[in-house]
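Fold and contact review
Given next are the chains, with one letter for each unit.
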Amino acid sequence: MNETMVTLVGNAATAVDYREAATGPMARFRMAVTPRRWDREKQDWADGHTSFYTVWAWRTLAANLAGSVSVGEPLVVHGRLKVREEDRDGGRRTSVDVEAVAVGHDLTRGTAAFRRVARGEPSLTAPMARQKPATEPASVS
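Residues numbered from 1 in each chain as written. Predicted model: local features only at pLDDT ≥ 70, side-chain atom pairs only at ≥ 80, totals over all residues. Heavy atoms only, no water.

Points about the nonpolar core
Let me state the cut-off plainly: Nonpolar core, defined: a set of buried Ala, Val, Leu, Ile, Met, Phe, Trp, Tyr and Cys residues in which side-chain atoms within 4.5 Å join the residues together. A simple rule labels every residue: compare its accessible area, found with a 1.4 Å probe on the protein chains alone, to the largest value its type can have, and call it buried under 20%, exposed over 50%, or partly exposed in between. Numbered from the N terminus, helices here are DSSP runs of H or I no shorter than four residues, and strands are runs of E no shorter than two. Working rule for contacts: check all heavy atoms of both residues, and any pair within 4.5 Å makes them a contact.
Membership of the largest hydrophobic core comes to 21 residues, with the highest contact counts inside it found for Leu 8, Val 16, Phe 29, Met 31 and Val 77. At the level of elements, strand 1 (5-12), strand 3 (24-33), strand 6 (51-58), helix 1 (59-66), strand 7 (74-88) and strand 8 (91-105) are the ones that each hand at least two residues to this core. What Phe 29 contacts, discounting residues up to four positions off in sequence, is Ala 12, Thr 14, Ala 15, Val 16, Tyr 53, Thr 54, Val 55, Leu 65, Leu 75 and Val 77.

Here's the deal with the pattern of salt bridges
Defined as follows: Think of a salt bridge as a Lys or Arg side-chain nitrogen and an Asp or Glu carboxyl oxygen that are within 4 Å of each other.
All told, the structure shown has ten salt bridges when counted by the stated rule. One salt bridge in this structure joins Glu 3 and Arg 80, with 3.1 Å as the shortest N-O distance. You can see Glu 3 sitting in the segment before strand 1 and its partner Arg 80 sitting in strand 7, a full 77 residues away along the chain. Given the relative accessible area of 36%, Glu 3 is considered partly exposed.

Some remarks on the pairing of strand 5 (residues 44-47)
Worth spelling out the cut-off: Here, strands pair whenever DSSP counts at least two bridges between them.
Where strand 4 (residues 36-39) and strand 5 come together, four bridges link them in antiparallel fashion. The partner of Trp 38 across the bridge, within strand 5, is Trp 45. Hairpin connection of strand 4 to strand 5: four residues between the antiparallel strands, including Gln 43 at a positive phi of 55 degrees.

Shown next as structure tokens:
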């Protein structure tokens, strides 16, 4: 397959939007990537232009993202690059998305504690507000 795979290193710019779709769990969030360069003249770091990407995840990765990622956290995202162009409000708009294959915290900027999730139970990492009581049947939508 001819796919463009990318790895992004940046920060979660928005909260993870988690939804149960007819095809299974899905999640998305915006990621900010700002390159930093050493400025020899100023002898200091200089930030470049910030780029924003919409990161999409499906199935178990989506559920685990919802319970693991918060706004501002440093992340590494690896996935398929998707560029979309559309006409909106009389102008051409370009959106850059990444369909995530793997997402993790950037351990160059902090530490993390990993908890393995048993297969078939991704709800163990879902935020408490989104979990349904064990006695309530799952909705069909």
